Amino acid sequence: MSEIIVSTPVHTRVEQLFLKHNLSKKTVVLFDENTKELFGREILTALKNQGFTFVELVVPARETSKSFRTAYRLYGNLIEADVDRSWNLLAVGGGVVGDLGGYIAASYYRGIPIVQLPTTLLAMTDSSIGGKVAINHPLGKNLIGFFHMPELVLIDPSYLKSLPEREVYAGMAEVVKYGFIADMEFLRYIEKHFDDIVAIKDPYVSEAVRKSASIKANIVEQDFKEQSGLRATLNFGHTFAHGFEKLADYRHIRHGEAVAVGMICALHLSHKLEKISQDELQRGLAVLNKFKFRRGLVQKRFKDIPAETILESMLSDKKKVDKQLRYVLLEGLGKAYLHPEPLDDGIVIEAIEKAKKSC
């Protein structure tokens, strides 16, 4: 299992941590345009001072960077720089850079080590952990990828201070998810300190990051390749979310925003199947109603779309099996499960309609 380091500052410890894990001091550093501007000088100067040889790569800061076209260009950059299998790759950024960097590392020279240095709340608590790396296809998100576990995950919560409010709330969706699926005590902590966490106040945000990362790492360790169904519980709300993202062309709604709305739908579906009580439903909705969305986003990207259209979009989800969608639901707050049987479309549509009325 990857070692997860939560430390401020973390970039000053890279040499020590790489040596501990027998990682070469020859590294490809992948940024997006935003992380290069915000953290590039600081990180590259630290690597230079610690005796690293490095190649710097930069991609546009958008979801469309997770593509064959971008990957092909980066392969060319690596070949031209004489990068071989003795190197490793350090991915500095959010989910796009982490996924793309992991995909490149998993496939270049049939695999070189990947180290994740996430800079967003969503990446720190979810996408950088667990080794699922992928690129997108026009017909679906994350359809092409690998299981390629990072050697290290280096988390510096101070980087979160650079995030716009929208990105903080997008990441907070994954934090809340862990409380819903695995830890009632953590959910109570979130309820009590929600405003402190989204305000990036310590010790609250660091504790939320540590706890979220720990929960995910524990689940992944038990079910790395989703064979028992346990890891699938990490997808609570995501089947709905991927439908929203596809309808928005993967551009007009953040992944975390889609997950937050998806969890509202999943709560209603859990209630409709009598897996959670009315009180649990209302308690879960109360947490999700704390989220702030860009004006008009929920209306345009959810409420105005017919439920049947949302369901049709969801059917492109890579997590369907034998053309059947798999739903992660709750059987109580703090306890998720993968529903074993296909669900009638009518029940799902009713849950979506109820969710529209509650947000």
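Presented here is an overview of the structure given in this document. These numbers come from a predicted model, not from an experiment. (Residues numbered from 1 in each chain as written. Predicted model: local features only at pLDDT ≥ 70, side-chain atom pairs only at ≥ 80, totals over all residues. Heavy atoms only, no water.)

### Regarding the overall build of the protein chain
So, point 1. Looking only at helices and strands, one finds 14 helices and 10 strands in the protein chain.
So, point 2. For 359 residues, the compact-globule estimate of 2.2 N^0.38 gives 21 Å, and the C-alpha radius of gyration of the protein chain, at 20 Å, lies within 12% of that figure.
So, point 3. Oriented by its inertia axes, the alpha-carbon framework of the protein chain measures out at about 60 × 40 × 40 Å.
So, point 4. A fraction of 76% describes how many contacts in the protein chain between residues 6 or more apart in sequence connect residues 24 or more apart.
So, point 5. Total accessible area computed for the protein chain in this model is approximately 15,400 Å², and 47% of it derives from carbon and sulfur atoms.
So, point 6. Of the charged side chains in the protein chain, 48 are positive and 45 negative; the average position of the first set lies 3 Å away from that of the second. (Helix = DSSP H or I, 4+ residues; strand = E, 2+ residues; numbered from the N terminus. Rg over C-alpha atoms; globule rule 2.2 N^0.38 Å. Contact = heavy atoms within 4.5 Å. Areas by Shrake-Rupley, 256 points an atom, 1.4 Å probe, with all protein chains shown as cover. Lys, Arg positive; Asp, Glu negative; His and termini not counted. Charge placed at Lys NZ, Arg CZ, Asp CG, Glu CD.)

### Some thoughts on the packing of aromatic side chains
So, point 1. Scanning all chains against the criterion turns up 14 aromatic pairs.
So, point 2. Plain terms: the ring middles of Tyr108 and Tyr109 are 5.0 Å apart, the flat faces sit at 65 degrees to each other, and that makes the pair edge-to-face.
So, point 3. A relative accessible area of 40% places Tyr109 in the partly exposed class.
So, point 4. Within the aromatic cluster, the residues linked to one another by ring pairs are Tyr169, Phe194, Phe291 and Phe293. (Phe/Tyr/Trp six-rings, centres within 6.5 Å; stacked < 30°, edge-to-face > 60°. Buried < 20%, exposed > 50% of the residue type's maximum accessible area, 1.4 Å probe, protein only.)

### Quick notes on the pattern of salt bridges
So, point 1. For the coordinates displayed, the defined rule picks out 17 salt bridges.
So, point 2. The partner of Asp126 in a salt bridge is Lys216, with the nearest N and O atoms 3.2 Å apart. With Asp126 in helix α5 (residues 121-127) and Lys216 in helix α8 (residues 204-222), this residue pair connects regions lying 90 residues apart in the sequence.
So, point 3. Residues Asp183 and Lys211 are paired through a salt bridge, measuring 3.2 Å at the closest nitrogen-oxygen approach. Here Asp183, found in the loop between α6 (165-182) and α7 (184-198), pairs with Lys211, found in helix α8; they are 28 residues apart in sequence, far enough to count as distant.
So, point 4. Looking at Asp183, the relative accessible area reads 15%, which means it is buried.
So, point 5. It is possible to trace a salt-bridge network through shared partners that takes in Asp126, Glu174, Lys177 and Lys216. (Salt bridge = Lys/Arg side-chain N within 4 Å of Asp/Glu carboxyl O.)

### Comments concerning the pairing of strand β6 (residues 132-137)
So, point 1. Summarising the sheet, β6 and strand β7 (residues 140-147) pair through five bridges and their orientation is antiparallel. Directly across from Ile135, in β7, lies its bridge partner Ile144.
So, point 2. Between β6 and β7, which pair antiparallel and follow one another directly, the connecting turn spans two residues. (Pairing = 2+ DSSP bridges.)

### Regarding the packing of helix α9 (residues 238-247) against helix α10 (residues 255-272)
So, point 1. At a closest axis distance of 7 Å, the pairing of α9 and α10 adopts a crossing angle of 130 degrees. One element, α9, and the other, α10, form an angle in the oblique class. Note on packing geometry: the crossing formed by α9 with α10 is right-handed. Between α9 and α10, the residues in contact are His238, Phe240, Ala241, His242, Phe244 and Glu245 and His255, Ala258, Val259, Val261, Gly262, Cys265, Ala266 and Leu269, respectively.
So, point 2. Of the residues that constitute the contact of α9 with α10, the class distribution is nine nonpolar, four polar and one charged. (Axes fitted to C-alpha atoms, helices over the stretch in contact; angles between N-to-C directions. Parallel < 35°, antiparallel > 145°, perpendicular 65-115°, else oblique. Left-handed = near helix turned anticlockwise from the far one by under 90°. Nonpolar A, V, L, I, M, F, W, Y, C, P; charged D, E, K, R; others polar.)

### Considering helix α4 (residues 95-107)
So, point 1. The first and last C-alpha atoms of α4 sit 18 Å apart over 13 residues, in line with the 18 Å expected at 1.5 Å per residue.
So, point 2. Counting buried positions along α4 gives 11 out of 13 residues, so the element sits mostly inside the fold.
So, point 3. For α4, the full list of buried residues reads Val96, Val97, Gly98, Asp99, Leu100, Gly101, Gly102, Tyr103, Ile104, Ala105 and Ala106.
So, point 4. In the stretch just after α4, Tyr109 is the one whose phi turns positive, near 55 degrees. (Expected span 1.5 Å × (residues − 1).)

### Some thoughts on unusual backbone geometry
So, point 1. Cis geometry marks the peptide bond from Thr8 to Pro9; its omega dihedral reads -5 degrees.
So, point 2. Positionally, Pro9 belongs in the loop between β1 (3-6) and α1 (14-20).
So, point 3. The omega torsion across Asp202 and Pro203 is 10 degrees, close enough to zero to call that bond cis.
So, point 4. Even without being glycine, Asn22 reaches a positive phi, approximately 55 degrees.

### Let's talk about the nonpolar core
So, point 1. Judged by nonpolar contacts, the single largest core of 96 residues is most densely connected at Met172, Val176, Phe180, Phe240 and Tyr327.
So, point 2. Broken down by element, this core gets its largest block of residues, 10 residues, from α10.
So, point 3. When neighbours within four sequence positions are excluded, Phe240 is seen to be in contact with Gly262, Cys265, Ala266, Leu269, Met314, Tyr327, Val348 and Ile352.
So, point 4. Among the nonpolar cores identified, the runner-up in size contains 22 residues, and Val55, Val59, Tyr75 and Leu78 belong to it. (Core = buried A, V, L, I, M, F, W, Y, C linked by side-chain atoms within 4.5 Å.)

### Description of the environment of Lys300
So, point 1. The topology assignment puts Lys300 in helix α12 (residues 297-303).
So, point 2. When its relative accessible area of 52% is taken as the criterion, Lys300 is described as exposed.
So, point 3. When the C-alpha positions of Lys300 and Ser212 are compared, they lie 30 Å apart, and in sequence the two are 88 residues distant.

### Let's talk about helix α11 (residues 278-288)
So, point 1. Taken together, the buried positions of α11 are Leu281, Gly284, Leu285, Val287 and Leu288. Considered in projection along α11, the buried side chains sweep an arc of 155 degrees and stay on one side of the axis.
So, point 2. On its buried face, α11 sits against α6, α7 and α10. (Arc of directions from axis to C-beta.)

### Some details on the sheet that holds strand β2 (residues 26-32)
So, point 1. Sheet architecture is open: six strands sit in the order β1-β8-β5-β4-β2-β3, paired in parallel fashion. Bordering the open sheet on either side are β1 and β3 (53-59), each of which pairs with just one other strand. Averaged over all adjacent pairs, the angle separating strand axes in this sheet is 15 degrees, with direction ignored.
So, point 2. Bridge count for strand β4 (residues 88-93) against strand β5 (residues 114-118) is five bridges, and the pairing is parallel. Within the sheet, the bridge partner assigned to Ala91 lies in β5 and is Gln116.
So, point 3. Here helix α2 (residues 33-49) sits on the sheet and contacts β2, β3, β4 and β5; the angle it forms with β2, its principal contact strand, is near 160 degrees.

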